[in-house]
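Each chain, written out:
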Amino acid sequence: YPVFFQTTRAEFDLPEYSVRRRYQDFDWLRNKLEESQPTHLIPPLPEKFVVKGVVDRFSEEFVETRRRALDKFLKRITDHPVLSFNEHFSIFLTAKDLNAYKKQGMALLSKMGESVKYVTGGYKLRSRPLEFAAIGDYLDTFSLKLGTIDRIAQRIIKEQLEYLVELREYGPVYSTWGGLEVELSEPLEGVSACIGNCCTALEELSEDMTEDFLPVLREYILYAESMKNVLKKRDQVQAEYEAKLEAVALKREDRPKVPTDVEKCQDRVECFNADLKADMERWQNNKRQDFRQLLMGMADKNIQYYEKCLTAWESIIPLLQDKPETK
């Protein structure tokens, strides 16, 4: 995929860059962002946008749908006040040979990323703060509802395509029949043409649903999973902090002052809390805008479909009405 990048930031040597990236390069970028920015919500990749039985992953339609999703992925990062300054993102946008950076492995992993992998020795978190418990409950409900809509939408599109196959066989029958009935040939040809127009309208509606509606659903289902993962990382850091506090309490007579590592752990918890709340608010704002646009677009597309079908059927009414007999 071609990636074209323009910038006015002083840290870049050039005002614009043009590189080509494979899907696995996008996957590398996302993994690096998760490693180096563990307190932030990383946008999901469109790895599950394929609709089985509806879209062929090698078709032009699928490639275009994925291209648009990858473009949105990059724009989400660009709009983020922290992720947009990440060194891996800069490398992704500017490096001619990305493989050289991939071989560096985990060398650029931040200290924050390392701290998140701290093993708490089986210590379980007492309880999430109420605001983060509410976020967790919301994400569970949101994923459940959106998953149901996604499954039903896929089934509807599949049934539309099956109906489209039947319509394409149905229309020509009237045309063939018209060749045998001279007096009925004109209205029968009209019905055949009408069904053909309805086929075209249904095909356009199905394409719009597949290319515009389903990818947004899938993106937000994956987005919710990403947010859940960040929430779990926050819980791990809080559990580490609570475990260290308990250890200090047991030795309070020996060490009356709170150790520096405990204070650092408390700072990590507060950092996680602040970043998570900020990203959640940003995600909610984006979600409202995206779904308003999505549902309005879906309404417009359905209105256009039924208007086209109505126009097609109305066009053959004059052909079916009785004509005055010539004297």
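Residues numbered from 1 in each chain as written. Predicted model: local features only at pLDDT ≥ 70, side-chain atom pairs only at ≥ 80, totals over all residues. Heavy atoms only, no water.

The protein chain is annotated in an unreviewed UniProt entry as Sorting nexin-30 from Sinosuthora webbiana. Quoted verbatim from the Sequence similarities (unreviewed entry) field of UniProt, the annotation for the protein chain is "Belongs to the sorting nexin family." (UniProt positions renumbered as here; feature names shortened; annotations may be inferred.)

A.B. asks: Which parts of the structure should I look at to understand the packing of helix 1 (residues 23–36) against helix 2 (residues 60–78)?
C.D. replies: Helix-helix packing is described using two parameters, namely the angle between the two axes and the distance between the axes. Running from amino to carboxyl end, helix 1 crosses helix 2 at an angle of 30°, the nearest separation of the two axes being 12 Å. Classed by the angle they form, the pair helix 1 and helix 2 counts as roughly parallel. Considering only the axes of helix 1 and helix 2, their crossing is left-handed. Contacts between helix 1 and helix 2 involve Y23, F26, L29, R30 and L33 from the first element and R66, L70, F73, L74 and I77 from the second. (Axes fitted to C-alpha atoms, helices over the stretch in contact; angles between N-to-C directions. Helix = DSSP H or I, 4+ residues; strand = E, 2+ residues; numbered from the N terminus. Parallel < 35°, antiparallel > 145°, perpendicular 65-115°, else oblique. Left-handed = near helix turned anticlockwise from the far one by under 90°. Contact = heavy atoms within 4.5 Å.)

A.B. asks: For this particular structure, what's the right way to read the nonpolar core?
C.D. replies: For soluble globular proteins, nonpolar side chains are generally found buried alongside one another. Ranked by internal contacts, the top residues of the largest apolar core, which has 48 residues, are L139, L146, F213, L217, Y220 and W283. Ranked by residues supplied to this core, first place goes to helix 7 (residues 185–250) with 24 residues. Excluding residues that lie within four positions of it along the chain, Y220 makes contacts with R76, F142, L146, W283, N286, K287, D290 and F291. Core analysis: the next-biggest nonpolar cluster, separate from the first, contains 22 residues, F12, V19, L70 and F89 among them. (Core = buried A, V, L, I, M, F, W, Y, C linked by side-chain atoms within 4.5 Å. Buried < 20%, exposed > 50% of the residue type's maximum accessible area, 1.4 Å probe, protein only.)

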